[in-house]
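Listed here are the chains, written in short residue letters.
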Amino acid sequence: MRVLLVKMSSLGDVFHTFPALTDALKAIPGLKVDWVVEESFAEMAAWHPAVDQVFPVAIRRWRKGLFSSKTRQEWKAWILSVSGSQNGQSPYDVILDAQGLIKSAFVSNRLQSQLLRLGQTVPLVGLDKRSAREPLATLIYDRRIAIQKGIHAIHRLRQLFAQILEYEIPQNESEVFSYGLDKQTLGPVSLNTPYMIALHGTTWETKLWPESFWIELVKIKAGEGIKVLFPWGNQEEKERAERIVTEAPGAEVLPKMGLNELVRWLVHAEEVVGVDTGLSHVVAGLEVPSVAIYGATDPKLTGVLGPRVKVLQSNFHCSPCLNRSCQYKDHPYPPCYTEVSPTHVVEALKQLKGSKD
């Protein structure tokens, strides 16, 4: 069976798809999935053994110049490159829009039309209007699937794949799943001492764990003989990491690196602590002992989920507020994080590692 999968962004949402791919590959030996994904996540999509080809798309970049001739040319070339890759291939059995957005439905529809020009009639399937995030997207599907709301995105995707590809998730595996990653293929790193990775960067100011807490955590881990490493992806994150390291000798700021290289460092880490950020989802799939910190946001439907991750959610009266700015302007940081202190994080890590032992 061949499937053309459209699930373009964001990092966490893309990674949430991996357990569904693992289910499908187990149920359908020989399954081949070609994945349409945002160019910045193309490396990640190729990690799963069910994925044959990755088609990086640049919707985020193109929409900045939506009506420019350059964008039109790049879009046309991209459509042709995807269809051109089908030479000598067996036809797709289905196009699966696993995102349920207008943009993903549009891309799926354009690919379906191009394949039809090549003589391939491929059904386009996705969520129904009560299940999709943007109901208008469902108008162009050939088949629409109803999936229960109010459950985690990982389990919704698992159910969606199972219904479309016509297999059943065994009852004893309904809550147990695998991301399907082969960690052995990621290779070693150049550090021989035990280390922790601190995933401190995120998109909202209210999702940031206080710098003073990171400093305290570094000092605690130094006493345990564990070095804390701070990766970064932009100038703001780099400057934050440098401030923390200045106040907490023994920690280190990593050089800027691509996703594949960073994942190699993550997989060999003794521990990982992260905020509500896409990379925390990746760590969950690597099954490294990790803590994910939530204050302003809610982990219930799209939070980090995995066998060796502990989610610490603040119980502060207004948490989760789901706001990008905190109402407590006179406080140095969102006060919800006072209930997710470095001591709580260290204790959670000890519990995780103790349960594995």
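In the block above lies the structure referred to throughout.
Residues numbered from 1 in each chain as written. Predicted model: local features only at pLDDT ≥ 70, side-chain atom pairs only at ≥ 80, totals over all residues. Heavy atoms only, no water.

A short note on helix α5 (residues 69-84)
Note: α-helices contain 3.6 residues per turn, so residues at a spacing of three or four share the same orientation.
In step 1: Between its terminal C-alpha atoms α5 stretches 22 Å, which fits the 22 Å expected from 16 residues at 1.5 Å a residue.
In step 2: For α5, the full list of buried residues reads T71, W75, W78, I79, V82 and S83. All buried residues of α5 fall inside an arc of 130° around its axis, so they share one side. When the buried face of α5 is taken as reference, the exposed residues oriented beyond 90 degrees from it are K70, Q73 and K76.
In step 3: Contacts from the buried residues of α5 go to β2 (32-38), β3 (51-57), α4 (59-62) and α6 (102-117). (Helix = DSSP H or I, 4+ residues; strand = E, 2+ residues; numbered from the N terminus. Expected span 1.5 Å × (residues − 1). Buried < 20%, exposed > 50% of the residue type's maximum accessible area, 1.4 Å probe, protein only. Arc of directions from axis to C-beta. Contact = heavy atoms within 4.5 Å.)

Describing the sheet that holds β3
In step 1: Strand order in the open sheet made by the 6 strands is β3-β2-β1-β4-β5-β6, with parallel pairing throughout. Edge positions in the open sheet fall to β3 and β6 (143-145), since each of these has one partner strand only. Here the strands of the sheet are splayed against their neighbours by 20° on average, with no regard to which way each runs.
In step 2: Strand direction decides the pairing type here: strand β1 (residues 2-6) and strand β4 (residues 94-97), joined by 4 bridges, are parallel. Along β4, the bridge assignment pairs V6 with D97.
In step 3: Lying over the sheet, α6 contacts β1, β2, β4 and β5 (124-127), oriented at roughly 170° with respect to β4. (Pairing = 2+ DSSP bridges. Axes fitted to C-alpha atoms, helices over the stretch in contact; angles between N-to-C directions.)

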